Amino acid sequence: MQRAALGWRRRGIKIGFVPTMGSLHAGHMSLVTEARRRVGPRGKVFVSIYVNPTQFGPKEDFSKYPRDLARDAKLCRAAGVDALFVPTDAEMYPRPEGAAHSTYVVEENLSATMEGAARPGHFRGVTTIVAKLFNLVLPDVAVFGAKDFQQAAVIRRMVRDLNIPVKIIVAPTKRELDGLAMSSRNKYLSPDERRQALALWQAIQAARKRVRAARRGIPAATLKKQLRAFIHRQSAVRVDYIEFFNPETLLAEKTVRRGTQMALAVFIGKTRLIDNARL
Ligand code: AMP
């Protein structure tokens, strides 16, 4: 992989990269389109598919995470992806002398809240695998989804802090017609849960409406309480967190106004979904 990438780079061919965990949907494919737009017709677009064990907690869905490589490969081919990189665990976490992997990349500031607080070790797994993938694929440009807003911010920070020579692009969240953010995990939902999952998007819209109608800012605590109650009207849904924060610093905002970023995580039955938007 690295050798091919080096060859292309030497010939001035730009490499665009979209790292994924597979089970691809239109959200992933919109990142591929963006990568192509960035590198041009002569450039190479790489997609990686790797369900990275180190970013899952012990009680999370690593083993049942949906995998469908044949379908993913077909989608990538149809979208004009030049290379699909599907490393094995042995390639990503080799144990040449039997010793376990013991080097990690840890971002210590932006990772502390929200997904980082709810999923200890998650971002350490993400930054480590993304840094490794960057070293293998040597992309000029890498495209991430705004769907994972905090992840994109953490990766941006990592790239800046470690002087990794790659441009990070964040593409907008793709949604189903009714507003539910596309996610590989939506496959877990029963028809009734799928209906209730709309609460995420409805909560965002309700917050937007409140903020736009208010003449002054709204206390975050008040809005959180109201949105929790609103979401819990759906019997299968349990709020993990709702946060309001500055989109640049990710610092919590006490007062919610236009431009504040909102993120939330909920459990719907056993499925955990996240969403976010600028209000
Ligand atoms: P995943 O396969 O879930 O790890 O996601 C791979 C990449 O696709 C990440 O950069 C995600 O933020 C992005 N992504 C996932 N869902 C969406 C979506 N609905 N819209 C845009 N990007 C997405």
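Every value quoted in this text rests on a predicted model; they were computed, and no experiment measured them.

Glancing now at unusual backbone geometry. In this structure, Asn 163 is a non-glycine residue whose phi angle is positive, near 55°. In this structure Asn 163 comes out as exposed when scored by relative accessible area, which is 65%. Positioned with a positive phi, Leu 250 is a non-glycine residue whose angle comes to about 65°. You can see Leu 250 is positioned in the loop between strand E7 (237-245) and strand E8 (255-256).

What follows deals with the pairing of strand E1 (residues 15-20). Taken across its 6 residues, E1 has 6 buried, putting it largely inside the fold. Pairing between E1 and strand E2 (residues 44-49): 6 bridges, direction parallel. Residue Thr 20 lies in a different strand from E2, and its bridge partner there is Ile 49. By the bridge criterion, 2 bridges tie E1 to strand E4 (residues 141-145) in an arrangement that is parallel. Pairing of Gly 16 across the sheet is with Val 141, part of E4.

To continue, consider the sheet that holds E4. Ordered in space as E3-E2-E1-E4-E5, the 5 strands form an open sheet in which the pairing is parallel. The sheet terminates laterally at strand E3 (83-85) and strand E5 (167-171), the two strands that pair on one side only. Across this sheet, the average inter-strand angle for adjacent strands is 25°, counted without regard to direction. Relative to E3, E2 runs parallel, the two being bridged by 3 bridges.

Our next topic: the side chain of Glu 193. Of note, Glu 193 is situated in helix H8 (residues 191-196). Only 3.0 Å separates the side chain of Glu 193 from the backbone nitrogen of Ser 190, close enough to count as a polar contact.

For the rest of this paragraph, the subject is the layout of surface pockets. Considered as a void within the structure, the second largest pocket measures approximately 300 Å³ in volume. Every residue along the wall of the second largest pocket is listed here: Leu 110, Ala 146, Phe 149, Ala 152, Ala 153, Arg 156, Arg 157, Arg 160, Val 170, Pro 247, Glu 248 and Arg 278. Considered class by class, the residues forming the lining of the second largest pocket number 7 nonpolar, no polar and 5 charged.

Below, the discussion takes up the domain arrangement of the protein. Looking at the protein, the domain boundaries give domain 1 (2-171) and domain 2 (184-278). Centre-to-centre, using C-alpha coordinates, domain 1 lies 26 Å away from domain 2. With 20 residues of domain 1 in contact, the opposing surface of domain 2 contributes 17 residues. Of the roughly 1,700 Å² buried at the junction of domain 1 and domain 2 (both faces included), carbon and sulfur atoms supply 54%. At the surface where domain 1 touches domain 2, the tally comes to 2 salt bridges. The closest approach of N and O atoms between Glu 115 and Arg 272, which form a salt bridge, is 2.8 Å. Joining domain 1 to domain 2, the criterion identifies 10 residue pairs in polar contact (both at pLDDT 80 or more).

In the neighbourhood of the ligand, 17 residues make up the surrounding shell, with His 28, Gly 145, Asp 148, Lys 174 and Met 182 lying closest. The separation between an oxygen atom of the ligand and a polar side-chain atom of Asp 148 is 2.7 Å. Burial of the ligand by the protein amounts to 93% of the accessible area it has alone, namely 490 Å². In terms of residue count, helix H2 (residues 26-39) provides more of the shell around the ligand than any other element does, 3 residues in total. Looking at side-chain class alone, the shell around the ligand contains 7 nonpolar, 7 polar and 3 charged residues.

Another point: the nonpolar core. If you look at the biggest cluster of nonpolar residues, it comprises 39 residues, and the most contacted ones within it are Val 130, Phe 134, Phe 144, Ile 155, Val 159 and Ile 168. Taken together, the elements giving at least two residues each to this core come down to helix H1 (2-10), E1, E3, helix H6 (122-137), E4, helix H7 (149-161), E7 and strand E9 (261-268). Considering each element in turn, this core owes the most residues, 8 residues, to H6. The two domains that each donate at least three residues to this core are domain 1 (2-171) and domain 2 (184-278).

Moving on, we come to the packing of helix H9 (residues 199-213) against helix H10 (residues 220-231). With their axes 10 Å apart at the nearest point, H9 and H10 run at an angle of 145° to one another. Crossing hand, H9 versus H10: right-handed. Side by side, H9 and H10 meet where Ala 199, Gln 202, Ala 203, Ala 206, Ala 207, Arg 210 and Val 211 of the first sit next to Leu 223, Gln 226, Leu 227, Phe 230 and Ile 231 of the second. A per-class count over the contact of H9 with H10 returns 9 nonpolar, 2 polar and 1 charged.

Under the criterion given, the structure shown has 13 salt bridges. The closest approach of N and O atoms between Arg 160 and Asp 161, which form a salt bridge, is 3.1 Å. With a closest N to O distance of 2.4 Å, Asp 192 and Arg 195 form a salt bridge. You can see Asp 192 and its partner Arg 195 sitting in helix H8, 3 residues apart, about one turn around the helix. The exposed category is assigned to Arg 195, whose relative accessible area is 52%. Via salt bridges that share partners, Glu 34, Arg 37 and Arg 38 belong to a single interconnected network.

Calculation criteria
In this numbering scheme, every chain counts its residues from 1 along its sequence in written order. For this predicted model, a pLDDT threshold of at least 70 governs which residues receive local features, and a threshold of 80 or more governs which side-chain atom pairs are given and counted, while totals over whole chains, interfaces and linings are taken from all residues. With hydrogens and water set aside, each side-chain value is computed from the structure's full complement of heavy atoms. Here the term buried applies to any residue with accessible area under 20% of the maximum for its type, exposed to any over 50%, and partly exposed to those in between, with areas from a 1.4 Å probe on protein chains only. Secondary structure elements are taken from DSSP: a helix is a run of H or I of four residues or more, a strand is a run of E of two residues or more, and numbering for both begins at the N terminus. Two strands make a pair as long as DSSP finds a minimum of two bridges between them. Axis geometry follows a simple rule: fit a line to the C-alpha atoms, using only the stretch in contact for helices, then measure angles between N-to-C directions, giving values from 0 to 180 degrees. Nitrogen and oxygen atoms within 3.5 Å of one another constitute a polar contact, given that in protein one can donate a hydrogen and the other can accept it, and given that sequence-neighbouring residues count only through two side-chain atoms. Put simply, the grid is 1 Å and covers the protein atoms alone, a cavity is a trapped set of points that fit a 1.4 Å probe, a pocket is an open set with protein on both sides within 12 Å along at least five of seven lines, and lining residues have an atom within 4 Å of a point. Grid points are joined across faces, edges and corners, and a volume is the space filled by probe spheres set on the points. Under the grouping applied here, Gly and all other residues not named as nonpolar or charged are polar, the nonpolar ones being Ala, Val, Leu, Ile, Met, Phe, Trp, Tyr, Cys and Pro and the charged ones Asp, Glu, Lys and Arg. Note: domain ranges come from an automatic or database domain assignment. Whether two residues touch is decided by their heavy atoms; if any such pair falls within 4.5 Å, the residues are in contact. Computed with a 1.4 Å rolling probe, the buried area is the accessible surface lost when two parts are put together, summed over both parts. By definition, a salt bridge exists where a carboxyl oxygen of Asp or Glu is found within 4 Å of a side-chain nitrogen of Lys or Arg. The nearness test applies per residue and asks whether one of its heavy atoms lies within 4 Å of the molecule or strand. Accessible surface area values rest on a Shrake-Rupley calculation with a 1.4 Å probe, where residue burial reflects the displayed protein chains alone. The definition of a nonpolar core used throughout is a set of buried Ala, Val, Leu, Ile, Met, Phe, Trp, Tyr and Cys residues joined through side-chain atoms within 4.5 Å. Note: crossing handedness is left-handed where the near helix turns anticlockwise from the far helix by less than a right angle, and right-handed where it turns clockwise.

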